[in-house]
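Observations on the three-dimensional arrangement
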Amino acid sequence: MEDKTTPVHQKKKDHTVLNHTFMAYFLLMIFVSVIISFFSGLDGALAKVVPGFGTEVEVLPGMKMTQASGPFSALGSIVALGIFWLIFKPEFKGALKIKGMKWAFIVMLPVLLIHWVGSVVSIVTLGTGSVFIAFLNALAPGVGEEITFRGLGVANYMRTIKDEKKIMVIFWLSSIVFGLAHLSNILVGGQLSSVLIQTVYAIGIGMLFGAVYLRTGSILPTIIAHFSLDFLEMIRSDLASSGGTMQAMGVGDWITVAASVVAAVIGLMLVRKKYFPEIMEVWEEKWSGQ
(Lines give C-alpha, C1' and ligand atoms only; values in the text may rest on other atoms or scores of the structure.)
Protein backbone atom coordinates (compact mmCIF):
# COMPACT_ATOMS: atom_id res chain seq x y z
CA MET A 1 0.00 0.00 0.00
CA GLU A 2 1.41 3.42 -0.99
CA ASP A 3 2.64 5.65 1.81
CA LYS A 4 0.80 8.91 1.18
CA THR A 5 2.99 10.77 3.64
CA THR A 6 6.06 10.41 1.43
CA PRO A 7 6.69 13.48 -0.77
CA VAL A 8 6.11 12.72 -4.42
CA HIS A 9 9.51 13.89 -5.61
CA GLN A 10 11.24 11.42 -3.26
CA LYS A 11 9.71 8.51 -5.18
CA LYS A 12 11.43 9.44 -8.42
CA LYS A 13 14.67 8.06 -9.79
CA ASP A 14 17.93 9.12 -8.18
CA HIS A 15 20.55 11.34 -9.79
CA THR A 16 23.61 10.58 -7.67
CA VAL A 17 25.69 13.70 -8.33
CA LEU A 18 22.77 16.12 -8.43
CA ASN A 19 21.45 14.79 -5.14
CA HIS A 20 24.34 16.56 -3.38
CA THR A 21 22.57 19.87 -2.80
CA PHE A 22 25.51 22.25 -2.35
CA MET A 23 27.86 20.64 -4.82
CA ALA A 24 25.06 20.32 -7.36
CA TYR A 25 24.26 24.04 -7.15
CA PHE A 26 27.79 24.98 -8.21
CA LEU A 27 28.07 22.16 -10.76
CA LEU A 28 24.86 23.32 -12.43
CA MET A 29 26.11 26.89 -12.38
CA ILE A 30 29.30 25.78 -14.13
CA PHE A 31 27.28 23.65 -16.55
CA VAL A 32 25.18 26.63 -17.66
CA SER A 33 28.29 28.81 -17.94
CA VAL A 34 29.99 26.27 -20.20
CA ILE A 35 26.96 26.03 -22.50
CA ILE A 36 26.76 29.82 -22.62
CA SER A 37 30.46 30.06 -23.51
CA PHE A 38 29.90 27.88 -26.59
CA PHE A 39 27.09 30.11 -27.79
CA SER A 40 28.93 33.34 -26.95
CA GLY A 41 31.18 32.72 -29.95
CA LEU A 42 28.16 33.43 -32.13
CA ASP A 43 27.71 36.72 -30.28
CA GLY A 44 31.31 37.51 -31.14
CA ALA A 45 30.53 36.85 -34.81
CA LEU A 46 27.43 39.03 -34.55
CA ALA A 47 29.54 41.84 -33.08
CA LYS A 48 31.62 41.93 -36.25
CA VAL A 49 28.58 42.85 -38.33
CA VAL A 50 26.70 45.00 -35.80
CA PRO A 51 28.61 48.23 -35.08
CA GLY A 52 28.83 49.03 -31.39
CA PHE A 53 27.98 45.54 -30.18
CA GLY A 54 30.81 43.89 -28.28
CA THR A 55 34.11 45.19 -26.96
CA GLU A 56 37.64 44.66 -28.18
CA VAL A 57 39.98 43.17 -25.59
CA GLU A 58 43.67 42.31 -25.68
CA VAL A 59 44.00 38.59 -24.96
CA LEU A 60 47.76 38.49 -25.61
CA PRO A 61 50.32 41.22 -26.24
CA GLY A 62 49.54 42.55 -29.69
CA MET A 63 46.56 40.21 -30.10
CA LYS A 64 43.03 41.52 -29.73
CA MET A 65 39.65 39.89 -30.08
CA THR A 66 36.05 41.04 -30.00
CA GLN A 67 34.03 39.80 -27.03
CA ALA A 68 30.27 40.04 -26.89
CA SER A 69 27.47 38.60 -24.82
CA GLY A 70 23.94 38.95 -26.10
CA PRO A 71 21.15 37.00 -27.79
CA PHE A 72 23.15 33.84 -28.49
CA SER A 73 24.47 33.70 -24.92
CA ALA A 74 20.88 34.02 -23.73
CA LEU A 75 19.91 31.21 -26.10
CA GLY A 76 22.70 29.08 -24.65
CA SER A 77 21.29 29.44 -21.15
CA ILE A 78 17.84 28.41 -22.39
CA VAL A 79 19.42 25.36 -24.04
CA ALA A 80 21.03 24.49 -20.68
CA LEU A 81 17.65 24.79 -18.99
CA GLY A 82 16.17 22.55 -21.68
CA ILE A 83 18.86 19.91 -21.10
CA PHE A 84 18.12 20.03 -17.37
CA TRP A 85 14.43 19.51 -18.14
CA LEU A 86 15.23 16.55 -20.40
CA ILE A 87 17.40 14.95 -17.70
CA PHE A 88 14.52 15.00 -15.25
CA LYS A 89 11.64 14.49 -17.66
CA PRO A 90 8.85 13.68 -16.82
CA GLU A 91 9.46 14.55 -13.13
CA PHE A 92 10.15 18.24 -13.66
CA LYS A 93 7.46 20.41 -15.16
CA GLY A 94 9.89 23.13 -16.21
CA ALA A 95 10.72 26.62 -14.96
CA LEU A 96 9.39 28.83 -17.77
CA LYS A 97 5.77 28.97 -16.70
CA ILE A 98 3.21 31.78 -16.97
CA LYS A 99 1.48 30.68 -13.77
CA GLY A 100 2.10 33.20 -10.98
CA MET A 101 3.20 35.98 -13.35
CA LYS A 102 0.60 38.52 -12.21
CA TRP A 103 1.38 38.00 -8.52
CA ALA A 104 5.13 38.13 -9.23
CA PHE A 105 4.98 41.49 -10.99
CA ILE A 106 2.73 42.97 -8.33
CA VAL A 107 5.25 42.17 -5.58
CA MET A 108 8.21 43.25 -7.71
CA LEU A 109 6.60 46.46 -8.99
CA PRO A 110 7.76 48.80 -6.17
CA VAL A 111 11.36 47.78 -6.78
CA LEU A 112 11.05 47.96 -10.56
CA LEU A 113 9.53 51.45 -10.42
CA ILE A 114 12.26 52.83 -8.16
CA HIS A 115 14.95 51.18 -10.27
CA TRP A 116 13.48 52.46 -13.53
CA VAL A 117 13.43 55.99 -12.08
CA GLY A 118 17.12 55.65 -11.19
CA SER A 119 17.93 54.44 -14.69
CA VAL A 120 16.03 57.33 -16.28
CA VAL A 121 17.91 59.81 -14.05
CA SER A 122 21.19 58.27 -15.23
CA ILE A 123 20.09 58.44 -18.87
CA VAL A 124 19.09 62.10 -18.54
CA THR A 125 22.25 63.15 -16.69
CA LEU A 126 24.77 61.04 -18.60
CA GLY A 127 23.30 60.82 -22.08
CA THR A 128 22.25 57.84 -24.16
CA GLY A 129 23.80 55.19 -26.25
CA SER A 130 22.12 52.93 -28.83
CA VAL A 131 18.79 51.49 -27.68
CA PHE A 132 19.23 48.54 -30.04
CA ILE A 133 22.70 47.71 -28.68
CA ALA A 134 21.35 48.05 -25.13
CA PHE A 135 18.64 45.54 -26.03
CA LEU A 136 21.24 43.06 -27.33
CA ASN A 137 23.52 43.55 -24.32
CA ALA A 138 20.69 43.14 -21.79
CA LEU A 139 19.59 39.75 -23.12
CA ALA A 140 22.58 37.82 -21.78
CA PRO A 141 22.40 38.91 -18.13
CA GLY A 142 18.60 39.12 -18.15
CA VAL A 143 18.18 35.54 -19.28
CA GLY A 144 21.57 33.99 -18.60
CA GLU A 145 22.13 35.15 -15.03
CA GLU A 146 18.66 34.12 -13.94
CA ILE A 147 19.09 30.61 -15.31
CA THR A 148 22.72 30.34 -14.14
CA PHE A 149 22.27 31.48 -10.54
CA ARG A 150 18.65 30.53 -9.90
CA GLY A 151 16.95 28.56 -12.64
CA LEU A 152 18.72 25.21 -12.35
CA GLY A 153 20.36 25.34 -8.93
CA VAL A 154 17.30 26.40 -6.96
CA ALA A 155 15.05 23.94 -8.80
CA ASN A 156 17.42 21.04 -8.15
CA TYR A 157 17.83 22.03 -4.50
CA MET A 158 14.07 22.10 -3.97
CA ARG A 159 13.89 18.64 -5.55
CA THR A 160 16.15 17.17 -2.88
CA ILE A 161 15.22 18.77 0.44
CA LYS A 162 12.81 17.16 2.90
CA ASP A 163 12.83 19.84 5.61
CA GLU A 164 11.15 23.19 4.91
CA LYS A 165 13.61 24.89 7.27
CA LYS A 166 16.29 24.36 4.60
CA ILE A 167 14.51 26.70 2.18
CA MET A 168 16.47 29.67 3.54
CA VAL A 169 19.76 27.97 2.71
CA ILE A 170 19.17 28.13 -1.05
CA PHE A 171 17.61 31.58 -0.69
CA TRP A 172 20.82 32.96 0.83
CA LEU A 173 23.19 30.85 -1.24
CA SER A 174 21.72 31.88 -4.60
CA SER A 175 21.50 35.56 -3.56
CA ILE A 176 25.04 35.83 -2.20
CA VAL A 177 26.68 33.90 -5.04
CA PHE A 178 24.80 36.05 -7.56
CA GLY A 179 26.11 39.16 -5.85
CA LEU A 180 29.70 37.95 -5.49
CA ALA A 181 29.80 37.04 -9.17
CA HIS A 182 29.69 40.79 -9.92
CA LEU A 183 33.13 41.18 -8.32
CA SER A 184 34.49 39.93 -11.64
CA ASN A 185 33.80 43.41 -13.05
CA ILE A 186 37.05 44.51 -11.38
CA LEU A 187 38.89 42.33 -13.89
CA VAL A 188 37.43 44.26 -16.82
CA GLY A 189 38.24 47.72 -15.56
CA GLY A 190 35.48 48.46 -13.07
CA GLN A 191 36.26 50.93 -10.30
CA LEU A 192 36.75 49.00 -7.04
CA SER A 193 34.34 51.06 -4.94
CA SER A 194 31.66 50.97 -7.63
CA VAL A 195 32.06 47.22 -8.10
CA LEU A 196 31.75 46.57 -4.35
CA ILE A 197 28.57 48.66 -4.21
CA GLN A 198 27.28 46.83 -7.29
CA THR A 199 27.96 43.51 -5.55
CA VAL A 200 25.90 44.49 -2.50
CA TYR A 201 23.22 45.86 -4.83
CA ALA A 202 23.10 42.54 -6.72
CA ILE A 203 22.67 40.59 -3.48
CA GLY A 204 19.61 42.70 -2.65
CA ILE A 205 18.08 42.27 -6.10
CA GLY A 206 18.96 38.57 -5.97
CA MET A 207 17.04 38.20 -2.72
CA LEU A 208 13.86 39.50 -4.37
CA PHE A 209 14.28 37.42 -7.52
CA GLY A 210 15.13 34.31 -5.50
CA ALA A 211 12.07 34.76 -3.30
CA VAL A 212 9.79 35.23 -6.32
CA TYR A 213 11.19 32.08 -7.94
CA LEU A 214 10.72 30.09 -4.74
CA ARG A 215 7.15 31.30 -4.36
CA THR A 216 6.08 30.77 -8.00
CA GLY A 217 8.27 27.95 -9.30
CA SER A 218 8.75 30.00 -12.49
CA ILE A 219 11.93 31.81 -13.53
CA LEU A 220 10.10 33.68 -16.30
CA PRO A 221 8.96 36.68 -14.18
CA THR A 222 12.47 37.33 -12.90
CA ILE A 223 13.95 36.96 -16.39
CA ILE A 224 11.61 39.67 -17.68
CA ALA A 225 12.22 41.90 -14.66
CA HIS A 226 16.00 41.40 -14.78
CA PHE A 227 16.07 42.17 -18.51
CA SER A 228 14.06 45.37 -18.02
CA LEU A 229 16.50 46.63 -15.37
CA ASP A 230 19.60 45.91 -17.43
CA PHE A 231 18.07 47.21 -20.65
CA LEU A 232 17.37 50.66 -19.19
CA GLU A 233 20.77 50.77 -17.50
CA MET A 234 22.64 49.89 -20.69
CA ILE A 235 20.99 52.69 -22.64
CA ARG A 236 23.02 55.22 -20.63
CA SER A 237 26.10 56.40 -22.47
CA ASP A 238 28.77 55.40 -19.93
CA LEU A 239 27.64 51.78 -19.67
CA ALA A 240 27.01 51.63 -23.41
CA SER A 241 30.62 52.63 -24.10
CA SER A 242 32.12 50.33 -21.44
CA GLY A 243 30.09 47.25 -22.29
CA GLY A 244 28.17 47.46 -19.02
CA THR A 245 31.13 47.91 -16.67
CA MET A 246 30.46 50.40 -13.86
CA GLN A 247 33.12 53.10 -13.61
CA ALA A 248 31.65 55.51 -11.05
CA MET A 249 28.50 56.13 -9.01
CA GLY A 250 26.06 58.85 -10.02
CA VAL A 251 22.75 60.07 -8.61
CA GLY A 252 20.80 57.52 -10.65
CA ASP A 253 23.01 54.72 -9.37
CA TRP A 254 22.26 55.59 -5.76
CA ILE A 255 18.55 55.43 -6.56
CA THR A 256 19.02 51.91 -7.97
CA VAL A 257 20.94 51.00 -4.81
CA ALA A 258 17.92 52.18 -2.81
CA ALA A 259 15.80 49.92 -5.02
CA SER A 260 17.99 46.98 -4.05
CA VAL A 261 17.45 47.73 -0.35
CA VAL A 262 13.69 47.67 -0.92
CA ALA A 263 14.18 44.45 -2.91
CA ALA A 264 15.99 42.82 0.00
CA VAL A 265 13.22 43.77 2.42
CA ILE A 266 10.46 42.49 0.13
CA GLY A 267 12.44 39.35 -0.58
CA LEU A 268 12.74 38.56 3.12
CA MET A 269 9.03 39.22 3.62
CA LEU A 270 8.19 36.75 0.84
CA VAL A 271 10.14 33.90 2.43
CA ARG A 272 8.99 34.28 6.00
CA LYS A 273 8.48 31.08 7.97
CA LYS A 274 4.70 31.16 7.54
CA TYR A 275 5.19 30.75 3.77
CA PHE A 276 7.43 27.68 4.03
CA PRO A 277 4.56 25.16 3.64
CA GLU A 278 3.30 27.05 0.59
CA ILE A 279 6.78 27.07 -0.97
CA MET A 280 7.20 23.34 -0.36
CA GLU A 281 3.80 22.74 -1.94
CA VAL A 282 4.74 24.75 -5.02
CA TRP A 283 7.89 22.71 -5.58
CA GLU A 284 6.25 19.44 -4.67
CA GLU A 285 3.82 20.12 -7.50
CA LYS A 286 6.68 21.23 -9.79
CA TRP A 287 8.44 17.90 -9.31
CA SER A 288 5.34 15.70 -9.35
CA GLY A 289 5.45 15.04 -13.07
CA GLN A 290 1.68 15.00 -13.08
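Everything numeric here is computed off the predicted structure, so don't read it as measured data. (Residues numbered from 1 in each chain as written. Predicted model: local features only at pLDDT ≥ 70, side-chain atom pairs only at ≥ 80, totals over all residues. Heavy atoms only, no water.)

**What to know about the side chain of His115**
Applied cut-off: Think of it this way: any DSSP run of H or I at least four residues long counts as a helix, any run of E at least two long counts as a strand, and we number them from the N terminus. Any two residues whose heavy atoms approach within 4.5 Å are treated as being in contact.
Tracing the backbone shows His115 in helix H3 (residues 101–126). In this structure His115 touches Tyr201, Ile205, Leu229, Glu233, Thr256 and Ala259, once residues within four positions along its chain are discounted.

**Remarks on the layout of surface pockets**
Vacant regions in the atomic arrangement are exposed by a probe of water-molecule size rolled over the atoms. We count it as follows: Cavity means a closed set of points on a 1 Å grid over the protein atoms alone, one where a 1.4 Å probe fits but cannot get out, pocket means an open set with protein on both sides within 12 Å along at least 5 of 7 lines, and lining means a residue has an atom within 4 Å of a point. Grid points are joined across faces, edges and corners, and a volume is the space filled by probe spheres set on the points.
When its volume is computed, the second largest pocket comes out at roughly 220 Å³. As for the second largest pocket, its lining consists of Lys93, Lys97, Lys99, Gly100, Arg215, Thr216, Gly217, Glu281, Val282, Glu285 and Lys286. Going through the elements one at a time, helix H6 (192–216) and helix H10 (276–286) are the ones with two or more residues in the lining of the second largest pocket. Looking at which element gives the most residues to the lining of the second largest pocket, the answer is H10, with four residues.

**Observations concerning H10**
Residue pairs three or four apart in sequence face the same way in an α-helix, which turns once every 3.6 residues. Our working definition: For every residue, the accessible area obtained with a 1.4 Å probe (protein chains only) is divided by the maximum for its type, and the residue is called buried under 20%, exposed over 50%, and partly exposed between those limits.
Among the residues making up H10, those that are buried are Phe276, Ile279, Met280, Val282, Trp283, Glu284 and Lys286. Lining the buried residues of H10 we find helix H4 (131–160), helix H5 (167–180) and H6.

**Brief notes about the confidence of the model for the protein**
The cut-off we apply is this: Known as pLDDT, the predictor's confidence for each residue is given on a scale from 0 to 100.
Across the protein, pLDDT averages 89, with 88% of residues at or above 70. Taken element by element, the protein is modelled with least confidence in strand E1 (residues 55–60), mean pLDDT 62, and with most confidence in H5, mean pLDDT 97. Low pLDDT (under 50) marks residues 1–11, which in the prediction has 12 contacts with non-local residues, meaning those over four places away or in another chain.

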